[in-house]
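Listed below are the residues making up each chain.
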Amino acid sequence: IAELLYACVNTAAGAKSTVDQESGNMYAKATLVLAALAASGVAGFSFSSTASSSFVSRSLRPAVALRGNAMQLCSVAGSRSCRSDMSNLKMGRTTSEELIPREVLFGNPEYAAPALSPDGKLLAFLKPEQGVLNIFVRTVGSTQDRLVTNDSLRGIRGVSWAQDSKTLLFSQDVGGDENFHLYAIDATTEGAIAVDLTPFKGAKAQNIITNKRFPLELLVGINKRDVAKFDMYRVDLTRALAGDAEGALTLDTENPGDVVGWGTEDCSFEVRQATVINSADSSNTVRVRDNKDAEWRDLITFPYGEEGRLVEFNTDGTSALMLSTIGRETTALLNIDLQTGVTQQVIAANDKCNVGRVFLDDDTKEVKAVSFNYARTERIFFNKEFESDFATLAKLGPQGAEVAIVSQSRDEKTWIVSYRRDDGPTEYVVYDQVKKSTEPLFVSIPKMLDYKFAPMQDVRIEARDGLELVAYLTRSDDAKPTPLILLVHGGPWARDFWGFTPTAQWFANRGYACLQVNFRGSTGFGKSFLHKGDKEWGIGAMQHDLSDAVAWAIKEGIADADKVCIYGGSYGGYATLAGMTFTPELYRCGVDIVGPSNIKTLLDSIPPYWAPLRNDMLLKIGDVDSDEAFNKAISPLYHIDKIKSPLLIGQGANDPRVKQAEADQIAFAMADKGIPVEYVLYPDEGHGWARPVNRIDFNGRTEVFLAKHLGGRAEPFLKPEGSTATFPLEDPERQGKTLANV
């Protein structure tokens, strides 16, 4: 059969100048069958297509390359991403035969966070210097990079421009404590020193706002007066960069005590909008004022269970753009009267998911487009030229990648655009909006181009009560069941998205299928979906959705029922502990990263600036304050005797959200009872791993743990130089501690 098919292919290829469409289709199908035979290892059969790629239609032609018995179907359209256009073809191994190094998957990106200066002349971005992410700049059109900052420890994780096109802004905390300070540095002067604009110990900077009409000013929220409340301060950048940071700060708007967020009116750059949380009933109110000297008034109140926020004041001074779920299931973009709050126009909505990004004209506030994401990103366009730009970008980019605007010059003639795919690193290009052309900028992690990555499928899973769950599946082998890792997102009021995920690709390369589920309580799918998760933690429907997802994967022939791991961070860490205690029969092992083990002690130790949100959390989780039995029912700490499988715990000592005690108390209680547990603590980390050496260290330990209990592949592990991993269970001073005295 193989020889006959091979002859058919050669015959069709030799007659390509006169071949008809039917023969072209035969050629394409035969090529795929031959590749499948090769991938199956039929009698040592191998195959390589040498026919001209112009022979068959673009939608059908594959270029087939073989490495051992592994097949790669690579688009000949110029993309280096590897996928088959024939989605129902069973390929077997979906990822590189060789082990993709953890350093490649979890080390620093080579390039990240590109940002154009407002005048379009300079490009700032993050790049490693001596192994630590720092800010670099280059002139647009040049490849000569210049180092701007000199961080030597944690690295800088984001950068933006002040509106003067000269000053760069970035935030930094200490050891993961999340008390971020705002820094400014002159990007045009070599050897410039960063200035701390918010030099107040124990305070945090957030809510940073710039304005092109006031290029030498910015606004920033700081909780220096009261750690539980953020006031808005106006910063004189000229004075700050001259060395007088404290003198450059002026109190602009004082927080009366219930405000959790601030906004400005664009033309005046006055603070004229406040988001207010009523701590008694958890309602959310949009409060506005007509100018900086006017009285505040409540515009719209969203009762608990509803969602909404003010997007932007319109230029007419009488209306505003608003998101709201009132009277509907998902958020809609509305035009509302600024005095009464009455809806004047419904601009955009989607019945299945909330409004995502709203694209506005910076001057007129015209809505140019609105994005939505149920499973993948979609957009509704209101501006024909803007729609044409996105169509051009989609045509010029890798097939199947999601297009996003990362940064634009003030005149919107130069764009930085990202192409996000599921099976390779993000690519960045410079888009000339006038010429409608792109120039390559850089690839986030070029080393990844040497490897083959697995495709990510968006799938639908039906929960036991019929609720549809959007999930994402990344398989190591699509021809047979494999061990499964259920990767649970944090929040839980967040969600998973389609796109390249290093953790999922790591699992696939090591021989595991990875399933990411947007369980009820996840955000973005409407108010009912969100609040179906209320009071459903641990022993309720949120955890049932995860169990149902595992059952689905087993039924579909994806997962080996005897080799399932549950893995997650933050809420995902809690779900891991809940899975190990409440459904122990499902999981061979678990990995908990910064997950709470006792919900009452979690809420009792949240940061003070979360205080206005505490009642909202109680409504969503359940009243663990007054109902001790309920807290014990949903807190894994009280059910460790049910754990049947090994557990690995990772924790940052400086975590302000999930304190170290949450890991200590369950790890020591398990060890006390002889239940298998490993516990790794990083003294210079917070809510997750900011330092790559610690990230690679923990993932190396995890890889060995997974290989031991699930049987997958593992790269040899050596503790990376600079890792701060410690092992509290091995500390002689702490051994013997019990649940009672932790």
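As a starting point, this report considers the structure included with it. (Residues numbered from 1 in each chain as written. Predicted model: local features only at pLDDT ≥ 70, side-chain atom pairs only at ≥ 80, totals over all residues. Heavy atoms only, no water.)

What follows deals with the overall build of the protein chain. Within the protein chain, the regular secondary structure consists of 14 helices and 37 strands. For the protein chain, with 742 residues in total, the buried portion stands at 55%. For the protein chain, the proportion of contacts with a sequence separation of at least 24, taken over those separated by at least 6, is 56%. Surface accessibility of the protein chain: about 30300 Å² in total, with carbon and sulfur atoms responsible for 50%. (Helix = DSSP H or I, 4+ residues; strand = E, 2+ residues; numbered from the N terminus. Buried < 20%, exposed > 50% of the residue type's maximum accessible area, 1.4 Å probe, protein only. Contact = heavy atoms within 4.5 Å. Areas by Shrake-Rupley, 256 points an atom, 1.4 Å probe, with all protein chains shown as cover.)

Here we come to the packing of aromatic side chains. Going through the model one piece at a time under the given rule, you end up with 31 aromatic pairs. Among the aromatic residues, ring-to-ring pairing joins Phe 359, Phe 381, Phe 386, Phe 390, Trp 415 and Tyr 431 into one connected group. Arg 376 extends its terminal NZ or CZ atom over the ring of Trp 498, reaching a point 3.5 Å from the ring centre. Between the NZ or CZ atom of Arg 495 and the centre of the ring of Phe 497, over which it lies, the distance is 4.4 Å. (Phe/Tyr/Trp six-rings, centres within 6.5 Å; stacked < 30°, edge-to-face > 60°. Lys NZ or Arg CZ within 6 Å of the ring centre and 35° of its normal.)

One pass over the full model with this rule turns up 50 salt bridges. Salt-bridge contacts for Asp 458 lead to Arg 460; the nearest nitrogen and oxygen are separated by 3.1 Å. Overall, the relative accessible area of 28% leaves Asp 458 in the partly exposed class. Residues Lys 600 and Asp 625 are paired through a salt bridge, measuring 3.8 Å at the closest nitrogen-oxygen approach. In this pair, Lys 600 is assigned in helix H10 (residues 599-604) and Asp 625 in the loop between helix H11 (614-621) and helix H12 (628-634), connecting sequence segments 25 residues apart. A relative accessible area of 23% means that Lys 600 is categorised as partly exposed. (Salt bridge = Lys/Arg side-chain N within 4 Å of Asp/Glu carboxyl O.)

At their nearest, the axes of helix H8 (residues 541-555) and helix H9 (residues 571-582) sit 11 Å apart, and the two run at 75° to each other. Taken together, the axes of H8 and H9 lie roughly perpendicular to each other. For the pair H8 and H9, contact is made by Met 542, Gln 543 and Leu 546 and by Tyr 571, Ala 575, Ala 578 and Gly 579, respectively. Residue classes in the contact of H8 with H9 are distributed as five nonpolar, two polar and no charged. (Axes fitted to C-alpha atoms, helices over the stretch in contact; angles between N-to-C directions. Parallel < 35°, antiparallel > 145°, perpendicular 65-115°, else oblique. Nonpolar A, V, L, I, M, F, W, Y, C, P; charged D, E, K, R; others polar.)

The next subject is the layout of surface pockets. Take a probe with the size of a water molecule and roll it over the atoms, and the empty space left behind shows itself. If you add up the space inside the second largest pocket, you get close to 1600 Å³. Around the second largest pocket, the lining comprises 45 residues; the ones closest to its centre are Gln 163, Thr 210, Glu 312, Arg 357 and Asp 362. Elements with a minimum of two residues in the lining of the second largest pocket: strand E3 (112-116), strand E7 (160-161), strand E11 (205-209), strand E15 (259-265), strand E16 (270-277), strand E19 (308-313), strand E23 (355-360) and strand E26 (402-408). Counting residues per element, the lining of the second largest pocket draws most heavily on E19, which supplies five residues. Here the lining of the second largest pocket is composed, by residue class, of 20 nonpolar, 13 polar and twelve charged. (1 Å grid on protein atoms, 1.4 Å probe; cavity = no way out; pocket = protein on both sides within 12 Å on 5 of 7 lines; lining within 4 Å. Points joined across faces, edges and corners; volume = space filled by probe spheres on them.)

An order of E19-E20-E21-E22 is seen for the four strands of this open sheet, with the pairing classed as antiparallel. Edge positions in the sheet fall to E19 and strand E22 (343-349), since each has one partner strand and no second. The mean inter-strand angle of the sheet, taken between neighbouring strand axes irrespective of direction, is 25°. Alignment of E19 against strand E20 (residues 319-324), held across five bridges, turns out to be antiparallel. Note on E20: the bridge partner recorded for Arg 309 is Leu 323. (Pairing = 2+ DSSP bridges.)

Along its 19 residues, helix H14 (residues 692-710) runs 26 Å from first to last C-alpha, staying within 8% of the 27 Å computed at 1.5 Å per residue. With respect to burial, H14 is a largely interior element, 16 of its 19 residues being buried. Of the residues one or two after H14, Gly 711 is the one with positive phi, at around 90°. (Expected span 1.5 Å × (residues − 1).)

Moving on, we come to the pairing of strand E33 (residues 513-517). Among the five residues in E33, five count as buried, and that is most of the element. Alternating residues of E33 divide into Ala 513, Leu 515 and Val 517 and Cys 514 and Gln 516, and every residue in both groups is buried. With three bridges joining them, strand E32 (residues 482-488) and E33 adopt parallel strand pairing. Note that in E33 the partner of Leu 486 across the bridge is Leu 515. Crossover E32 to E33 through helix H6 (residues 502-509) is right-handed. (Right-handed = clockwise from strand over helix to strand, strands pointing away.)

Right, let's talk about the environment of Lys 673 for a bit. Note on placement: Lys 673 falls in the loop between helix H13 (660-672) and strand E37 (677-682). Apart from the residues within four sequence positions on either side, Lys 673 is in contact with Ile 640 and Asp 641. Of the polar contacts made by the side chain of Lys 673, one reaches the side chain of Asp 641; its length is 3.1 Å. (Polar contact = N/O pair within 3.5 Å; in protein donor to acceptor, adjacent residues only side chain to side chain.)

Here the focus is the pairing of E3. A large share of E3 lies buried, amounting to four of its five residues. As consecutive antiparallel partners, E3 and strand E4 (residues 122-129) are separated by five residues, and within that stretch Gly 120 has a phi angle of approximately 75°, a positive value.

Residue position: Leu 153 is located in the loop between strand E6 (146-147) and E7. Leu 153 gets classed as exposed once you look at its relative accessible area, which sits at 51%. In the structure, Leu 153 is positioned 538 residues away from Arg 691 in sequence and 7.7 Å away in space, judged by C-alpha atoms. The residues touching Leu 153, leaving out its near neighbours within four places in the chain, are Val 132 and Arg 691.

Reading across from one edge, E3-E4-E5-E6 is the order of the four strands in this open sheet, with antiparallel pairing throughout. Either end of the sheet is taken by a strand with one partner, and the two such strands are E3 and E6. Where strand E5 (residues 132-139) lies against E6, two bridges are found, and the strand directions are antiparallel. Within E6, the position partnered with Val 137 by the bridge is Arg 146.

Glancing now at H9. With twelve residues, H9 should reach 16 Å at 1.5 Å per residue; the first-to-last C-alpha distance of 16 Å fits that figure. Buried residues dominate H9, accounting for twelve of its twelve residues. The complete set of buried residues in H9 reads Tyr 571, Gly 572, Gly 573, Tyr 574, Ala 575, Thr 576, Leu 577, Ala 578, Gly 579, Met 580, Thr 581 and Phe 582.

Take unusual backbone geometry next. Cis rather than trans, the peptide bond between Gly 491 and Pro 492 has omega equal to 5°. Even without a glycine there, the phi angle at Ser 282 is positive, about 60°. Positionally, Ser 282 belongs in the loop between E16 and strand E17 (284-288). Given a relative accessible area of 6%, Ser 282 falls into the buried group. Even without glycine at this site, Ser 570 takes up a positive phi of about 65°. Mapped onto the fold, Ser 570 is located in the loop between strand E34 (559-569) and H9. Ser 570 sits in the buried class, given a relative accessible area of 17%.

Let's shift gears to the nonpolar core. Judged by nonpolar contacts, the single largest core of 78 residues is most densely connected at Leu 333, Leu 486, Leu 515, Ile 599 and Leu 603. Core analysis: the next-biggest nonpolar cluster, separate from the first, contains 32 residues, Phe 453, Cys 565, Leu 648 and Trp 689 among them. (Core = buried A, V, L, I, M, F, W, Y, C linked by side-chain atoms within 4.5 Å.)

Shape descriptors only; they carry no functional weight alone.
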